[in-house]
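Per-entry structural report
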Amino acid sequence: MKLKGDQTTARAMNRRLILNLLRQEGPKSRAELATVTRLSPAAVTFVVGDLMDEGIVTEGEAVSSLTGRRPTPVQINYGHGLALGFKLMVDTVECVATDLATNPLAAIRIPLQSHEPDDVADTLASTVPRLIELAGRQDARLAGIGISMPGVINHEQTICVRSHRFKWDDVALASLVAKRVDAPVWLEDDTNAYAIAQQLFGLGRQHKNMAVLAVGVGISCALVIEGKLYRGANGAAGKFGHTLYEEDGRLCECGKRGCLMAYHSEASMLRRWREATGGRATELRSALADKDPIAVKIVEDAGRSIGTALANLINVTDPEVIVAGGEAVSLGEHFLAPLRKTLALRTFRAPPPILPDWEDNSWARGAAALVTQRMFDFESSGGITNPTDGSASGAAARLGARK
Ligand SMILES: [Zn+2]
């Protein structure tokens, strides 16, 4: 969505400035907002008035002190709406209902029986009422639905252009769901969605330039540059797991040979562990705990190899921090120590800190963040609503800038 006219653009920019300051630093008085943003007190009062009318911000308690009454702080009203997040995996869906700060109110995991797009849309749509009920917020305004999945997603965040894991080409999943549920729907690559959540409310909250490293079924990266997710020309940025590890090597899910993730994703580590032990394998994590030398070698090898590739990425993009997520994080220091050590050897400057994310449901929260990102970034897509019913688009409009 493009905003028209200088005045509208200025107003939208002021909104974004104020909302992002309140998100990063918590409640502030109008006077403090004016000082920090260098906007005029009149402009701040105007924008805050708008946001209060829309229910997006509320006034907090004014604290009295010996020197008199302090000015009333304003704060974001994260309870103003309900966001639903669905993270699609090959055979299950992680589902979460959150407030607008992606704090979970309810979470469930459901089986995914089929990859047929209409079946997937049916499954998600039928879970919506259940999630809202579990969240105990039947009266809340449904701000929207975010869906994340591994793949290349269009810039409008509605169509899966290609997913190797789902074998999808040009599947308009967001509109399939929007036809079934009266709410705006967004679709995004799972690592990108995770990065949005980490940047808005997670470990990357204080950083404008950060990278996310995700090591699970695949290996991927997402880059946030100057506070914005970098999606590339085709939405295909961050396919880090498909960088070359070994010429003419193992076959990867993308159809090419020798990709990094064909050797060192968590799924590949498990496969190599099974191969190395001829099927007698105990669980990889318990073998690691027992310091089994084969298990330790596989995991350390992955840490080093991913570290080498990550050092290249750091040398090109210079992030402030790297947030590490995905199943491999739970392999702990066996994985992270060699990764850090390799970075120290290979990066041009001192490597940025690796911040492991231990939270359980942060991937589904990432999907929910697709709904709330719009409060903070008016350039982002408006999602998609059922074209025959205009009522839901109003909900999206209230969350973001005026059209
Ligand atoms: Zn590949």
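Everything in this summary refers to the structure shown in the same document. For clarity, every value in this text was computed on a predicted model and none was experimentally measured. (Residues numbered from 1 in each chain as written. Predicted model: local features only at pLDDT ≥ 70, side-chain atom pairs only at ≥ 80, totals over all residues. Heavy atoms only, no water.)

Considering the overall build of the chain
Secondary structure summary: the chain contains 13 helices and 18 strands in total. Computed over the C-alpha atoms, the radius of gyration of the chain is 22 Å, within 12% of the 22 Å expected from 2.2 N^0.38 for a compact globule of 403 residues. Principal-axis analysis of the C-alpha atoms gives the chain an extent of 70 × 50 × 40 Å. Counting all 403 residues of the chain, 55% fall into the buried class. For the chain, the proportion of contacts with a sequence separation of at least 24, taken over those separated by at least 6, is 63%. Counting only carbon and sulfur atoms, one obtains 52% of the accessible surface of the chain, whose full area is about 18100 Å². Charged side chains in the chain number 46 positive and 46 negative. The centres of these two groups are separated by 4 Å. (Helix = DSSP H or I, 4+ residues; strand = E, 2+ residues; numbered from the N terminus. Rg over C-alpha atoms; globule rule 2.2 N^0.38 Å. Buried < 20%, exposed > 50% of the residue type's maximum accessible area, 1.4 Å probe, protein only. Contact = heavy atoms within 4.5 Å. Areas by Shrake-Rupley, 256 points an atom, 1.4 Å probe, with all protein chains shown as cover. Lys, Arg positive; Asp, Glu negative; His and termini not counted. Charge placed at Lys NZ, Arg CZ, Asp CG, Glu CD.)

Regarding unusual backbone geometry
One non-glycine residue, Arg38, lies in the positive phi region at around 60°. Residue classification places Arg38 among the exposed positions, given a relative accessible area of 77%. One non-glycine residue, Gln157, lies in the positive phi region at around 60°. Within the secondary structure, Gln157 sits in the loop between strand S10 (152–153) and strand S11 (160–163). According to the relative accessible area criterion, Gln157 is buried, its value standing at 4%.

What about helix H8 (residues 266–277)?
With twelve residues, H8 should reach 16 Å at 1.5 Å per residue; the first-to-last C-alpha distance of 17 Å fits that figure. Turning to H8, its buried residues are Glu266, Ser268, Met269, Arg272, Trp273 and Thr277. What you see down the axis of H8 is that its buried residues fit within an arc of 155°, all on one side. Taken together, the buried residues of H8 touch strand S14 (210–215), helix H7 (261–264), helix H9 (284–289), helix H10 (293–317) and helix H11 (333–346). Downstream of H8 by a residue or two, Gly278 has a phi angle that is positive, lying close to 55°. (Expected span 1.5 Å × (residues − 1). Arc of directions from axis to C-beta.)

Remarks on the sheet that holds strand S15 (residues 219–225)
The mixed open sheet is built from five strands, whose spatial order is S16-S15-S14-S17-S18. Among the strands making up the open sheet, the edge pair consists of strand S16 (228–230) and strand S18 (354–356). This sheet shows a mean twist of 25° between the axes of neighbouring strands, independent of strand direction. (Pairing = 2+ DSSP bridges. Axes fitted to C-alpha atoms, helices over the stretch in contact; angles between N-to-C directions.)

Considering the coordination of the zinc ion
Ligation of the zinc ion by protein atoms is provided by His242 (ND1), Cys252 (SG), Cys254 (SG) and Cys259 (SG), these donors lying 2.0 to 2.4 Å from the ion. The coordination sphere of the zinc ion comprises four donor atoms, whose angles at the metal cover 104 to 120°; the geometry is tetrahedral. Sequence positions of the donors to the zinc ion reduce to the motif H-x9-C-x1-C-x4-C. Each member of the pair, Cys252 as well as Cys254, is classed as buried. (Donors = N, O, S within 2.8 Å, 3.2 Å for Na, K, Ca; no water. Tetrahedral: all angles 85-135°; square planar, octahedral: opposite > 155°, others 65-115°.)

Topic: the nonpolar core
Formed by 46 residues in total, the largest nonpolar core has its most connected members in Ile18, Leu33, Val57, Ile76 and Phe376. The element best represented in this core is helix H12 (residues 362–376), accounting for eight residues. Among residues more than four places away in sequence, those in contact with Phe376 are Arg16, Leu19, Asn20, Arg23, Ile76, Tyr78, Leu200 and Phe201. With 40 residues, the next largest nonpolar core counts Phe240, Tyr263, Ala287 and Ala309 among its residues. (Core = buried A, V, L, I, M, F, W, Y, C linked by side-chain atoms within 4.5 Å.)

Details of the pairing of strand S12 (residues 168–171)
As paired strands, S11 and S12 are joined by three bridges and run antiparallel to one another. For Ser163, the partnering residue across the bridge sits in S12 and is Trp168. Linking S11 to S12, which pair antiparallel, is a turn of four residues; within it Lys167 sits at a positive phi near 55°.

Remarks on the packing of H10 against H11
Contact geometry for H10 and H11: axes closest at 7 Å, N-to-C directions at 35°. Crossing hand, H10 versus H11: right-handed. A class-by-class count of the residues in the contact of H10 with H11 yields eleven nonpolar, six polar and three charged. (Left-handed = near helix turned anticlockwise from the far one by under 90°. Nonpolar A, V, L, I, M, F, W, Y, C, P; charged D, E, K, R; others polar.)

Observations regarding the sheet that holds S10
If you trace the three strands from one edge of the open sheet to the other, you get S10-S11-S12, paired in antiparallel fashion. For this open sheet the edge positions go to S10 and S12, each flanked by a neighbour on one side alone. Bridge count for S10 against S11 is two bridges, and the pairing is antiparallel. Counted as the bridge partner of Val152 is Arg162 from S11.

As for the environment of Ala107
Relative to the elements of secondary structure, Ala107 occurs in strand S8 (residues 104–111). By relative accessible area, which is 48% here, Ala107 ends up partly exposed. Put simply, Ala107 and Val329 are 222 residues apart on the chain and 21 Å apart in space, counted from C-alpha to C-alpha.

Some remarks on the pairing of strand S7 (residues 92–98)
Of all seven residues in S7, seven are buried; the element is thus mostly enclosed. Residues of S7 alternate between two faces, with Thr92, Glu94, Val96 and Thr98 on one and Val93, Cys95 and Ala97 on the opposite face, all of them buried. Inspection of the sheet shows strand S6 (residues 82–88) paired to S7 by six bridges, in the antiparallel sense. Across the sheet, Leu88 pairs through a bridge with Val93, a residue of S7. Relative to S8, S7 runs antiparallel, the two sharing seven bridges. Directly across from Thr92, in S8, lies its bridge partner Pro111.

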